[in-house]
Amino acid sequence: MSKNAEIYEESKLYSPGGVHTSIRNVNPMKVFTKGEGAYIYDAEGNKYIDYQGAFGPIILGHSHPYVNGKVIEAIQRTDLYGVGCTDLEVELARKICKHVPSSEQVLFCNSGSEATYHAIRLSRAVTGRSKLIKFQGCYHGWHDYVARNMLSAWDMIGKRDPGSAGMMDEAIDNTLVCTFNDLDDVERTFRENKGQIASLIVEPIPHNIGCVMPQPGFLEGLRELCSAHGALLIFDEVITGFRHDIGGFQKVAGVTPDLTTMGKAMANGYPIAAVAGKREYMQRFNTYPGGDVWFAGTYNGHAVGTAASIATLELMENEPVHEHIFRLGEKMRSGIRGIHERLGIEAYVAGFGSVWTTYFMTSEPKNYSDLQQNDAELYVAYRKKLIEKGIFKMPMNIKRNHISYSHTDQDIDTTLEIIESVLKELIIKRP
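Residues numbered from 1 in each chain as written. Predicted model: local features only at pLDDT ≥ 70, side-chain atom pairs only at ≥ 80, totals over all residues. Heavy atoms only, no water.

An unreviewed UniProt entry lists the protein under the name Aspartate aminotransferase family protein, with Paenibacillus alginolyticus as the source organism. Recorded under Sequence similarities (unreviewed entry), the UniProt text for the protein is reproduced unchanged: "Belongs to the class-III pyridoxal-phosphate-dependent aminotransferase family." Its UniProt record, at the heading Cofactor (unreviewed entry), says of the protein: "pyridoxal 5'-phosphate". (UniProt positions renumbered as here; feature names shortened; annotations may be inferred.)

Here it is in structure tokens:
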């Protein structure tokens, strides 16, 4: 038995399935023991160029020395008190309010799911309404409010598709599902539920399904519809926030939501998340005296996460982080397109900034339904072959890849060479 398999088998004795998040249970199973810069290492010492990036948090690189140094410096003098505020919380809040257009005030929590839960609850308090709009294929966390119609089976698109046993029927049925990039569908849903919709939550780029870009005018249209119908617009920037710009994708798009949720890349892999928005709404939280929307969490604003986030944002402010990862992202995408052209492969290379994925289909997808055209079998086989050759991408269908500040031109060149060899091998074997 390999060392990876041996450790995994032991893990299954003590934890159901041996992993601590469902989506980590993949084939081939790897046990990772070290991360450094652009590279990760498994229990057998195999080295991989990492494009998984922990689903997006690793924007600077694994175990980044500047971030780690600031965390060590912080925990040598401070940790957790459960009362009052800390200088680190103040400094981080100031930075977020400076950079993120929608952030007049911000509160810290510990995960993206917590942040979206708080934002939705707040929207219901502000509007006095109960219903919520989300989009098919988008992911906003594990809680009952939004855990429906995520990676639905194709025959369940647009139907009642709860993501878990044990969910409350009332929560499921108060969440309405629309089609991304279809403003007519959104407008019809508002019209059919007049005066009942508290908020609309959206990934401005649905990265849960790879990289489906909003079509021109779509985000602007959502802003107009929410304003017209008295609903709050929530941008879930847990993935897009800080990765696509220090001000989030809302700054890139020029569309300002009422509330924003953030996480992942804000602290380069350390646990922290945030909900931000207009002052008049944020002061409904009971952290503000007289606020009536409950907000609590023992570990909110912990020194580790706040110090890591301050350090991450400092590097974004003072070094060409986004310039570097955007340049390498475009180099990767254009390089893969060139390979497809040379090999006569019909595929669509999607992406924005440091994110990309290759859909094995002929045209750009506009929504989740379009992704039925993607050759899922080839998509996963391709990724598994890349892992065999030292390139780590999540071996699952329609998942995105991420480039970090630690990746180099040589890493991209090496990856492109391996991609070409793998595609040649797969094409020859396919009928």
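Student: Looking at this structure, I do not really get the layout of surface pockets. What am I missing?
Tutor: A water-sized probe, rolled over the atoms, reveals where empty space remains. Roughly 550 Å³ of volume is contained in the second largest pocket. Taken together, 24 residues line the second largest pocket, and the ones lying closest to its centre are G84, C85, E89, N300 and G301. If you list the elements that add at least two residues to the lining of the second largest pocket, you get α3 (87-99) and β4 (105-109). The element that contributes the greatest number of residues to the lining of the second largest pocket is α3, accounting for four residues. Along the lines of polarity and charge, the residues of the lining of the second largest pocket split into eleven nonpolar, ten polar and three charged. (1 Å grid on protein atoms, 1.4 Å probe; cavity = no way out; pocket = protein on both sides within 12 Å on 5 of 7 lines; lining within 4 Å. Points joined across faces, edges and corners; volume = space filled by probe spheres on them. Helix = DSSP H or I, 4+ residues; strand = E, 2+ residues; numbered from the N terminus. Nonpolar A, V, L, I, M, F, W, Y, C, P; charged D, E, K, R; others polar.)

Student: Where do I start with the packing of aromatic side chains in this structure?
Tutor: What characterises a pair of aromatic rings is the spacing of the ring centres plus the angle enclosed by the ring planes. Applying the stated criterion across every chain yields a total of 14 aromatic pairs. The interplanar angle of 80° and the centroid separation of 5.6 Å between the aromatic rings of F326 and F352 together place this pair among those described as edge-to-face. Here the residue F326 occupies a position in helix α11 (residues 321-343), and F352 occupies one in strand β11 (residues 348-352), the gap between them amounting to 26 residues. Each ring, one from F360 and one from Y382, has its centre 5.4 Å from the other, and the planes form 90°; the classification is edge-to-face. Linking F360 in the loop between β12 (355-359) and α12 (376-388) with Y382 in helix α12, this pair joins segments that are 22 residues apart in sequence. In this structure, F360 and Y382 share a single accessibility class: buried. Taken together, the aromatic side chains of F32, Y48 and F392 make up a single cluster linked through ring pairs. The residue whose ring lies beneath K34 is Y41, and the NZ or CZ to ring-centre distance is 5.0 Å. (Phe/Tyr/Trp six-rings, centres within 6.5 Å; stacked < 30°, edge-to-face > 60°. Buried < 20%, exposed > 50% of the residue type's maximum accessible area, 1.4 Å probe, protein only. Lys NZ or Arg CZ within 6 Å of the ring centre and 35° of its normal.)

Student: So what exactly am I meant to see when it comes to helix α6 (residues 183-192) here?
Tutor: Side chains of residues three or four places apart in an α-helix project in the same direction, reflecting 3.6 residues per turn. Every buried residue of α6 is listed here: D185, V186, T189 and F190. Down the axis of α6, the smallest arc covering the buried residues is 135°, so these residues share one side. Seen from the buried face of α6, the exposed residues on the opposite side, beyond 90 degrees, are D184, R191 and E192. Looking at the buried residues of α6, the elements they touch are β5 (131-135), β6 (175-178), β7 (197-202) and α7 (218-229). The distance from a side-chain oxygen at the start of α6 to the backbone nitrogen of D184 is 3.2 Å, and the residue carrying that oxygen is D182. (Arc of directions from axis to C-beta. Contact = heavy atoms within 4.5 Å. Polar contact = N/O pair within 3.5 Å; in protein donor to acceptor, adjacent residues only side chain to side chain.)

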